[in-house]
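Structure assessment
What follows is the residue order along each chain.
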Amino acid sequence: MDKAISCGGVVIFRGKILLLYKNFRNRYEGWVLPKGTIERGETYQETALREVKEETGVNARINEYVGKSEYSFSIPGDVVEKEVHWFLMASDSYYSRPQREEYFYHSGYYKYIEAYHLLKFPNEKIILEKAYNKYLELNKKHK
């Protein structure tokens, strides 16, 4: 059994959430949150910010830690146990550019209810819900 750690972000601008649409050779299709694998020497925060930038072109900043999701998947001859650490992030504009090299073909900001229904994976829906509730709490404090 292999272990893998990734980090990602729930990026919000003016109440809308940044999503990516991935299409890998028509075998893996769906809307996801930006995330990626930690590199040697990086903190979870650094990984999350780097992956958001690489996959979406967005310069985000971290507001706070949301939590982690865990799941496993099969690769030839093994099973990978994966944990993903998520951060609530903010950006300064609606600009985004999907990273084609990673098979992302669309990116954009969506209202919460749209983003929730678009997301492919149940564990990302749970993270989105937690992050959005934190976002609403933070905005109440700043008003």
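To start, this report covers the structure provided alongside it. This one's a predicted model, so the numbers in the text were calculated from it and none came from an experiment.

Re the overall build of the protein
Helix and strand counts for the protein stand at three helices and seven strands. Reading the protein from its N end, one meets helices and strands in the order β-β-β-β-α-β-β-β-α-α. Relative to a compact globule of 143 residues, whose C-alpha radius of gyration would be 15 Å, the protein shows 15 Å and is just as compact. With the C-alpha coordinates aligned to their principal axes, the bounding extent of the protein is approximately 55 × 30 × 25 Å. Residues classed as buried in the protein amount to 47% of the 143 residues present. Long-range contacts, defined here as pairs at least 24 residues apart, represent 67% of the contacts in the protein between residues at least 6 apart. By element, 50% of the accessible surface of the protein is carried by carbon and sulfur atoms, the whole surface being about 8,200 Å². Of the side-chain charges in the protein, 23 are positive and 20 negative, and the distance between the mean point of each set is 6 Å.

Observations concerning the environment of Tyr132
Along the polypeptide, Tyr132 turns up in helix 3 (residues 122-141). Separated by 43 residues in sequence, Tyr132 and Met89 place their C-alpha atoms 10 Å apart. In this view, Tyr132 contacts Ile12, Gly15, Ile17 and Tyr112; residues no more than four positions away in its chain are not counted.

With respect to the nonpolar core
Of all hydrophobic cores here, the largest spans 20 residues; its most connected members are Val10, Ile12, Ile17, Leu19, Leu33, Leu88 and Leu128. At the level of secondary structure, the elements contributing two or more residues to this core comprise strand 1 (2-13), strand 2 (16-24), strand 6 (78-90), helix 2 (112-118) and helix 3. Of the residues forming this core, the biggest block, six residues, is contributed by helix 3. Excluding residues that lie within four positions of it along the chain, Leu19 makes contacts with Trp31, Val32, Leu33, His106, Ser107, Gly108, Tyr110, Ala115, Leu118 and Leu119. Formed by 11 residues, the second largest nonpolar core is a distinct cluster that contains Cys7, Leu18, Val52 and Phe87.

Rules used throughout
Residues numbered from 1 in each chain as written. Predicted model: local features only at pLDDT ≥ 70, side-chain atom pairs only at ≥ 80, totals over all residues. Heavy atoms only, no water. Helix = DSSP H or I, 4+ residues; strand = E, 2+ residues; numbered from the N terminus. Rg over C-alpha atoms; globule rule 2.2 N^0.38 Å. Buried < 20%, exposed > 50% of the residue type's maximum accessible area, 1.4 Å probe, protein only. Contact = heavy atoms within 4.5 Å. Areas by Shrake-Rupley, 256 points an atom, 1.4 Å probe, with all protein chains shown as cover. Lys, Arg positive; Asp, Glu negative; His and termini not counted. Charge placed at Lys NZ, Arg CZ, Asp CG, Glu CD. Core = buried A, V, L, I, M, F, W, Y, C linked by side-chain atoms within 4.5 Å.

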